[in-house]
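Chain by chain, the residues run as shown.
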Amino acid sequence: MLVCKTISEIRESVNIRKKDGKSIGFVPTMGALHKGHLTLVEESIANSDVTVVSIFVNPIQFNNQEDFDKYPDTLEEDLDALKDNNVDIVFLPEVSEMYVKAQGQVTINFGMLEEVLEGEFRPGHFSGVGVVVSKLFNVVNPDIAFFGQKDLQQLAVIKTMVAVLNFNVQIIGVPTVREVNGLAMSSRNMRLTTEQRVDAGLIFDQLSILKAEVLEGTDFDIARNKSSDVFAKKGFDVEYLELVDSLSLESVKSITNKEVAICIAAHFGGVRLIDNLVFSPIKK
Ligand code: AMP
(Lines give C-alpha, C1' and ligand atoms only; values in the text may rest on other atoms or scores of the structure.)
Protein backbone atom coordinates (compact mmCIF):
# COMPACT_ATOMS: atom_id res chain seq x y z
CA MET A 1 0.00 0.00 0.00
CA LEU A 2 1.39 3.33 -1.10
CA VAL A 3 1.02 6.34 1.23
CA CYS A 4 1.16 9.74 -0.51
CA LYS A 5 1.44 12.93 1.51
CA THR A 6 1.70 15.50 -1.25
CA ILE A 7 -0.57 16.48 -4.13
CA SER A 8 2.20 15.92 -6.67
CA GLU A 9 2.90 12.39 -5.33
CA ILE A 10 -0.75 11.29 -5.49
CA ARG A 11 -1.26 12.87 -8.94
CA GLU A 12 1.75 11.04 -10.32
CA SER A 13 0.77 7.69 -8.75
CA VAL A 14 -2.78 7.92 -10.11
CA ASN A 15 -1.61 9.07 -13.57
CA ILE A 16 0.70 6.06 -13.94
CA ARG A 17 -2.20 3.71 -13.18
CA LYS A 18 -4.61 5.59 -15.46
CA LYS A 19 -2.11 5.35 -18.32
CA ASP A 20 -2.19 1.56 -17.81
CA GLY A 21 -5.95 1.73 -18.39
CA LYS A 22 -6.90 1.19 -14.74
CA SER A 23 -10.08 2.71 -13.29
CA ILE A 24 -9.77 4.64 -10.02
CA GLY A 25 -12.22 4.22 -7.11
CA PHE A 26 -12.07 6.82 -4.34
CA VAL A 27 -13.22 6.84 -0.71
CA PRO A 28 -12.75 10.17 1.10
CA THR A 29 -12.65 9.90 4.93
CA MET A 30 -11.62 11.84 8.01
CA GLY A 31 -10.01 8.76 9.60
CA ALA A 32 -10.89 7.00 12.88
CA LEU A 33 -12.02 4.24 10.58
CA HIS A 34 -14.72 1.69 11.40
CA LYS A 35 -16.71 -0.94 9.54
CA GLY A 36 -18.80 1.73 7.80
CA HIS A 37 -15.73 3.17 6.11
CA LEU A 38 -14.42 -0.30 5.31
CA THR A 39 -17.70 -1.15 3.58
CA LEU A 40 -17.14 1.83 1.26
CA VAL A 41 -13.64 0.47 0.63
CA GLU A 42 -15.07 -2.97 -0.19
CA GLU A 43 -17.49 -1.38 -2.68
CA SER A 44 -14.65 0.52 -4.30
CA ILE A 45 -12.50 -2.59 -4.61
CA ALA A 46 -15.43 -4.50 -6.15
CA ASN A 47 -16.15 -1.72 -8.68
CA SER A 48 -12.75 -0.35 -9.72
CA ASP A 49 -9.18 -1.47 -10.48
CA VAL A 50 -7.36 0.81 -8.04
CA THR A 51 -8.76 2.05 -4.72
CA VAL A 52 -7.59 5.34 -3.23
CA VAL A 53 -8.62 6.32 0.32
CA SER A 54 -7.97 9.79 1.68
CA ILE A 55 -7.65 10.56 5.39
CA PHE A 56 -7.99 14.27 6.01
CA VAL A 57 -9.77 16.03 8.86
CA ASN A 58 -11.00 19.04 6.94
CA PRO A 59 -10.84 22.13 9.19
CA ILE A 60 -13.15 24.27 7.04
CA GLN A 61 -16.16 21.98 7.47
CA PHE A 62 -16.16 22.32 11.28
CA ASN A 63 -18.13 25.24 12.61
CA ASN A 64 -17.22 24.24 16.15
CA GLN A 65 -13.51 24.41 17.06
CA GLU A 66 -13.97 22.01 20.00
CA ASP A 67 -15.50 19.36 17.71
CA PHE A 68 -12.48 19.73 15.39
CA ASP A 69 -9.98 19.57 18.27
CA LYS A 70 -11.68 16.51 19.74
CA TYR A 71 -11.95 14.65 16.43
CA PRO A 72 -10.48 11.17 17.09
CA ASP A 73 -7.11 10.33 15.57
CA THR A 74 -6.25 6.63 15.19
CA LEU A 75 -3.85 6.88 12.27
CA GLU A 76 -1.73 3.78 12.95
CA GLU A 77 -4.80 1.53 13.29
CA ASP A 78 -6.39 3.18 10.24
CA LEU A 79 -3.37 2.44 8.05
CA ASP A 80 -3.26 -1.18 9.28
CA ALA A 81 -6.98 -1.62 8.51
CA LEU A 82 -6.63 -0.13 5.02
CA LYS A 83 -3.65 -2.37 4.30
CA ASP A 84 -5.55 -5.44 5.54
CA ASN A 85 -8.44 -4.45 3.30
CA ASN A 86 -6.26 -4.29 0.17
CA VAL A 87 -6.36 -0.55 -0.41
CA ASP A 88 -3.84 0.46 -3.11
CA ILE A 89 -3.15 4.11 -2.25
CA VAL A 90 -3.75 6.29 0.82
CA PHE A 91 -3.71 10.07 0.44
CA LEU A 92 -2.68 11.62 3.75
CA PRO A 93 -2.13 15.36 3.28
CA GLU A 94 -1.33 17.94 5.96
CA VAL A 95 -3.68 20.93 6.25
CA SER A 96 -0.91 23.12 4.79
CA GLU A 97 -0.77 20.91 1.69
CA MET A 98 -4.51 21.26 1.06
CA TYR A 99 -4.98 24.91 2.01
CA VAL A 100 -2.39 27.43 0.91
CA LYS A 101 -3.28 30.68 2.68
CA ALA A 102 -2.13 32.89 -0.18
CA GLN A 103 -4.68 31.25 -2.50
CA GLY A 104 -7.59 33.01 -0.75
CA GLN A 105 -10.89 31.41 0.05
CA VAL A 106 -13.67 29.93 -2.06
CA THR A 107 -17.11 29.09 -0.67
CA ILE A 108 -19.95 27.19 -2.31
CA ASN A 109 -23.61 28.04 -1.79
CA PHE A 110 -25.91 25.04 -2.14
CA GLY A 111 -29.10 27.10 -1.73
CA MET A 112 -32.04 25.30 -0.10
CA LEU A 113 -30.02 22.07 0.24
CA GLU A 114 -27.71 23.69 2.79
CA GLU A 115 -30.37 25.58 4.70
CA VAL A 116 -32.32 22.59 6.06
CA LEU A 117 -31.48 19.82 8.57
CA GLU A 118 -27.71 19.86 9.29
CA GLY A 119 -27.35 23.18 7.47
CA GLU A 120 -29.52 24.99 9.97
CA PHE A 121 -27.30 23.89 12.87
CA ARG A 122 -23.92 23.89 11.11
CA PRO A 123 -23.60 27.10 9.10
CA GLY A 124 -20.83 26.86 6.48
CA HIS A 125 -20.47 23.08 6.92
CA PHE A 126 -21.60 22.08 3.43
CA SER A 127 -19.56 24.78 1.76
CA GLY A 128 -16.53 23.31 3.55
CA VAL A 129 -17.50 19.80 2.44
CA GLY A 130 -18.07 20.97 -1.16
CA VAL A 131 -14.71 22.75 -1.32
CA VAL A 132 -12.69 19.86 0.11
CA VAL A 133 -14.43 17.21 -2.02
CA SER A 134 -13.89 19.37 -5.15
CA LYS A 135 -10.22 19.69 -4.28
CA LEU A 136 -9.89 15.96 -3.61
CA PHE A 137 -11.64 15.12 -6.90
CA ASN A 138 -9.29 17.46 -8.78
CA VAL A 139 -6.26 15.95 -7.09
CA VAL A 140 -7.20 12.24 -7.12
CA ASN A 141 -9.12 12.35 -10.42
CA PRO A 142 -11.29 9.27 -9.66
CA ASP A 143 -13.71 7.58 -12.05
CA ILE A 144 -16.04 6.60 -9.24
CA ALA A 145 -16.38 7.80 -5.63
CA PHE A 146 -18.18 6.24 -2.66
CA PHE A 147 -20.10 8.07 0.07
CA GLY A 148 -22.23 6.76 2.96
CA GLN A 149 -26.01 7.23 3.13
CA LYS A 150 -25.38 7.81 6.84
CA ASP A 151 -24.61 11.40 5.80
CA LEU A 152 -27.64 11.68 3.54
CA GLN A 153 -27.50 15.45 3.15
CA GLN A 154 -23.78 15.30 2.30
CA LEU A 155 -24.57 12.70 -0.38
CA ALA A 156 -27.32 14.96 -1.81
CA VAL A 157 -25.00 17.98 -1.78
CA ILE A 158 -22.20 16.09 -3.53
CA LYS A 159 -24.50 14.58 -6.17
CA THR A 160 -25.83 18.09 -6.89
CA MET A 161 -22.35 19.60 -7.04
CA VAL A 162 -21.08 16.89 -9.41
CA ALA A 163 -24.08 17.33 -11.72
CA VAL A 164 -24.09 21.14 -11.71
CA LEU A 165 -20.31 21.58 -12.05
CA ASN A 166 -19.87 18.68 -14.52
CA PHE A 167 -17.34 16.71 -12.48
CA ASN A 168 -16.40 13.62 -14.47
CA VAL A 169 -16.97 11.16 -11.62
CA GLN A 170 -19.75 8.73 -10.77
CA ILE A 171 -21.10 9.03 -7.20
CA ILE A 172 -22.28 5.89 -5.41
CA GLY A 173 -24.24 6.02 -2.13
CA VAL A 174 -23.61 3.08 0.23
CA PRO A 175 -26.21 1.99 2.85
CA THR A 176 -25.50 2.77 6.51
CA VAL A 177 -23.58 0.13 8.47
CA ARG A 178 -24.92 -0.32 12.03
CA GLU A 179 -23.91 -1.87 15.36
CA VAL A 180 -26.01 -4.89 16.45
CA ASN A 181 -28.34 -2.58 18.41
CA GLY A 182 -28.92 -0.46 15.30
CA LEU A 183 -26.64 2.45 16.28
CA ALA A 184 -25.15 3.87 13.06
CA MET A 185 -21.39 3.39 13.11
CA SER A 186 -19.58 6.69 13.45
CA SER A 187 -16.10 7.85 14.42
CA ARG A 188 -17.80 9.99 17.06
CA ASN A 189 -19.18 6.86 18.81
CA MET A 190 -15.66 6.40 20.24
CA ARG A 191 -16.47 9.28 22.59
CA LEU A 192 -19.42 7.37 24.11
CA THR A 193 -19.03 4.96 27.03
CA THR A 194 -19.97 1.30 26.46
CA GLU A 195 -23.22 1.89 28.29
CA GLN A 196 -24.03 5.03 26.31
CA ARG A 197 -23.41 3.15 23.06
CA VAL A 198 -26.01 0.59 24.13
CA ASP A 199 -28.50 3.32 25.11
CA ALA A 200 -27.88 5.19 21.83
CA GLY A 201 -29.61 2.26 20.07
CA LEU A 202 -32.77 4.23 20.94
CA ILE A 203 -32.20 6.39 17.85
CA PHE A 204 -32.59 3.47 15.44
CA ASP A 205 -35.50 2.04 17.48
CA GLN A 206 -37.37 5.34 17.27
CA LEU A 207 -36.58 5.83 13.57
CA SER A 208 -37.98 2.33 12.94
CA ILE A 209 -41.15 3.08 14.94
CA LEU A 210 -41.61 6.40 13.12
CA LYS A 211 -41.13 4.68 9.76
CA ALA A 212 -43.83 2.11 10.59
CA GLU A 213 -46.20 4.88 11.68
CA VAL A 214 -45.58 6.97 8.56
CA LEU A 215 -46.17 3.91 6.38
CA GLU A 216 -49.50 3.36 8.18
CA GLY A 217 -50.48 6.91 7.22
CA THR A 218 -49.99 8.66 10.58
CA ASP A 219 -49.30 12.38 10.29
CA PHE A 220 -45.59 12.86 10.98
CA ASP A 221 -46.08 15.73 13.44
CA ILE A 222 -48.21 13.49 15.66
CA ALA A 223 -45.75 10.59 15.47
CA ARG A 224 -42.83 12.94 16.17
CA ASN A 225 -44.42 14.36 19.32
CA LYS A 226 -44.55 10.89 20.88
CA SER A 227 -40.99 10.18 19.85
CA SER A 228 -39.70 13.51 21.17
CA ASP A 229 -41.13 12.65 24.60
CA VAL A 230 -39.31 9.30 24.60
CA PHE A 231 -36.02 10.94 23.62
CA ALA A 232 -36.38 13.65 26.28
CA LYS A 233 -37.11 11.07 29.00
CA LYS A 234 -33.94 9.13 28.08
CA GLY A 235 -31.70 12.22 28.14
CA PHE A 236 -31.40 12.85 24.40
CA ASP A 237 -31.37 16.46 23.27
CA VAL A 238 -32.90 16.33 19.78
CA GLU A 239 -31.83 19.11 17.41
CA TYR A 240 -34.07 18.05 14.55
CA LEU A 241 -36.29 15.12 13.66
CA GLU A 242 -37.78 15.53 10.20
CA LEU A 243 -39.57 13.63 7.44
CA VAL A 244 -38.18 14.83 4.10
CA ASP A 245 -38.14 14.00 0.42
CA SER A 246 -34.92 11.95 0.13
CA LEU A 247 -33.67 13.87 -2.92
CA SER A 248 -34.74 17.48 -2.46
CA LEU A 249 -34.66 17.18 1.40
CA GLU A 250 -37.82 19.29 1.50
CA SER A 251 -39.97 18.64 4.53
CA VAL A 252 -43.13 16.53 3.99
CA LYS A 253 -46.02 15.85 6.39
CA SER A 254 -46.73 12.22 5.53
CA ILE A 255 -45.74 9.50 3.08
CA THR A 256 -45.74 10.66 -0.56
CA ASN A 257 -45.44 8.53 -3.69
CA LYS A 258 -41.70 9.26 -3.68
CA GLU A 259 -38.81 8.00 -1.57
CA VAL A 260 -38.66 9.78 1.79
CA ALA A 261 -36.23 9.87 4.71
CA ILE A 262 -36.61 10.40 8.44
CA CYS A 263 -33.54 12.35 9.56
CA ILE A 264 -32.37 13.05 13.08
CA ALA A 265 -29.58 14.85 14.91
CA ALA A 266 -29.39 14.49 18.69
CA HIS A 267 -26.89 15.18 21.44
CA PHE A 268 -26.32 12.26 23.77
CA GLY A 269 -23.50 11.73 26.27
CA GLY A 270 -21.85 14.95 25.03
CA VAL A 271 -21.71 13.67 21.44
CA ARG A 272 -23.72 14.89 18.46
CA LEU A 273 -25.14 11.87 16.63
CA ILE A 274 -26.90 11.89 13.25
CA ASP A 275 -28.85 9.16 11.52
CA ASN A 276 -31.60 8.60 8.97
CA LEU A 277 -33.84 5.94 7.48
CA VAL A 278 -34.67 6.12 3.78
CA PHE A 279 -37.80 4.32 2.55
CA SER A 280 -40.45 4.23 -0.14
CA PRO A 281 -44.21 3.77 0.07
CA ILE A 282 -45.25 0.11 0.09
CA LYS A 283 -46.75 -0.73 -3.31
CA LYS A 284 -50.20 -2.29 -2.96
P1 AMP B 1 -16.19 10.52 7.69
O2 AMP B 1 -14.87 9.91 7.97
O3 AMP B 1 -17.11 10.58 8.87
O4 AMP B 1 -16.10 11.82 6.94
O5 AMP B 1 -16.93 9.52 6.70
C6 AMP B 1 -16.32 9.15 5.48
C7 AMP B 1 -17.36 8.44 4.65
O8 AMP B 1 -17.81 7.28 5.35
C9 AMP B 1 -18.60 9.30 4.37
O10 AMP B 1 -19.01 9.09 3.03
C11 AMP B 1 -19.59 8.75 5.35
O12 AMP B 1 -20.94 8.94 4.95
C13 AMP B 1 -19.22 7.28 5.37
N14 AMP B 1 -19.73 6.63 6.58
C15 AMP B 1 -19.56 7.05 7.86
N16 AMP B 1 -20.21 6.21 8.72
C17 AMP B 1 -20.82 5.28 7.95
C18 AMP B 1 -21.65 4.15 8.24
N19 AMP B 1 -21.99 3.84 9.48
N20 AMP B 1 -22.10 3.41 7.20
C21 AMP B 1 -21.76 3.72 5.93
N22 AMP B 1 -20.96 4.76 5.59
C23 AMP B 1 -20.51 5.53 6.58
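Refer to the structure printed above.
Residues numbered from 1 in each chain as written. Predicted model: local features only at pLDDT ≥ 70, side-chain atom pairs only at ≥ 80, totals over all residues. Heavy atoms only, no water.

Novice: Please set out the overall build of the protein residue by residue, giving values where relevant.
Specialist: The secondary structure content of the protein amounts to eleven helices and nine strands. Computed over its C-alpha atoms, the radius of gyration of the protein comes to 19 Å, within 12% of the 19 Å expected for a compact globule of 284 residues. Among the 284 residues that make up the protein, the fraction classed as buried is 48%. Put simply, of all contacts in the protein between residues at least 6 apart along the chain, 71% involve residues at least 24 apart. In the structure as shown, the protein presents an accessible area of about 14000 Å², 49% of it carried by carbon and sulfur atoms. Of note, the protein has its 28 positive side-chain charges centred 2 Å away from the centre of its 40 negative side-chain charges. (Helix = DSSP H or I, 4+ residues; strand = E, 2+ residues; numbered from the N terminus. Rg over C-alpha atoms; globule rule 2.2 N^0.38 Å. Buried < 20%, exposed > 50% of the residue type's maximum accessible area, 1.4 Å probe, protein only. Contact = heavy atoms within 4.5 Å. Areas by Shrake-Rupley, 256 points an atom, 1.4 Å probe, with all protein chains shown as cover. Lys, Arg positive; Asp, Glu negative; His and termini not counted. Charge placed at Lys NZ, Arg CZ, Asp CG, Glu CD.)

Novice: For the sheet that holds strand β8 (residues 260–268), give the residues involved together with the corresponding values.
Specialist: The three strands are arranged β7-β8-β9 in an open sheet whose pairing can be described as antiparallel. Two strands close off the open sheet at either side, each with one partner strand: β7 (237–245) and β9 (271–279). Across this sheet, the average inter-strand angle for adjacent strands is 10°, counted without regard to direction. Here eight bridges tie β7 to β8, and the two strands are oriented antiparallel to one another. Across the sheet, residue V244 finds its bridge partner in β8, namely A261. Against the sheet, helix α10 (residues 202–215) engages β7, β8 and β9, with an angle of about 30° to β9. (Pairing = 2+ DSSP bridges. Axes fitted to C-alpha atoms, helices over the stretch in contact; angles between N-to-C directions.)

Novice: Break down the sheet that holds strand β4 (residues 89–91) for me, citing the residues and quoting the values.
Specialist: Pairing is parallel across the open sheet formed by six strands, whose spatial order is β1-β4-β3-β2-β5-β6. The open sheet has two free edges, formed respectively by β1 (2–4) and β6 (170–174), since each of these has just one partner strand. Taking each pair of neighbouring strands and ignoring which way they run, the sheet shows an average axis angle of 25°. Strand direction decides the pairing type here: strand β2 (residues 24–29) and strand β5 (residues 144–148), joined by two bridges, are parallel. Residue pairing for β5: F26 is matched across the bridge by A145. Against the sheet, helix α1 (residues 7–19) contacts β1, β2, β3 (50–55) and β4, and its axis sits at roughly 135° relative to β1. Docked against the sheet, helix α4 (residues 75–84) engages β1, β3 and β4, running at close to 170° with respect to β3.

Novice: Before we move on, can you summarise unusual backbone geometry with the specific residues and values?
Specialist: The phi dihedral of N141 is positive, around 55°, even though this residue is not glycine. Inspection of the secondary structure puts N141 in the loop between α7 (125–140) and β5.

Novice: Account for the site of the ligand, with residues named and values stated.
Specialist: Around the ligand, a shell composed of 17 residues is seen, among which H37, G148, D151, V177 and M185 lie nearest. Taking H37, its side chain carries an N or O atom lying 2.9 Å from an oxygen atom of the ligand. Counting only elements with at least two residues in the shell around the ligand, the list comes to β2, α2 (35–47) and β5. It is α2 that provides the largest number of residues to the shell around the ligand, a total of three residues. (Near = heavy atom within 4 Å. Polar contact = N/O pair within 3.5 Å; in protein donor to acceptor, adjacent residues only side chain to side chain.)

Novice: Please provide a residue-by-residue account of the packing of aromatic side chains, values included.
Specialist: For the structure shown, the criterion picks out nine aromatic pairs. When the ring of F62 is compared with that of F68, the centres are 5.2 Å apart and the planes differ by 65°; the resulting orientation is edge-to-face. F62 sits in the buried class, given a relative accessible area of 11%. What links up through ring pairs into an aromatic cluster is the set F26, F137, F147 and F167. (Phe/Tyr/Trp six-rings, centres within 6.5 Å; stacked < 30°, edge-to-face > 60°.)

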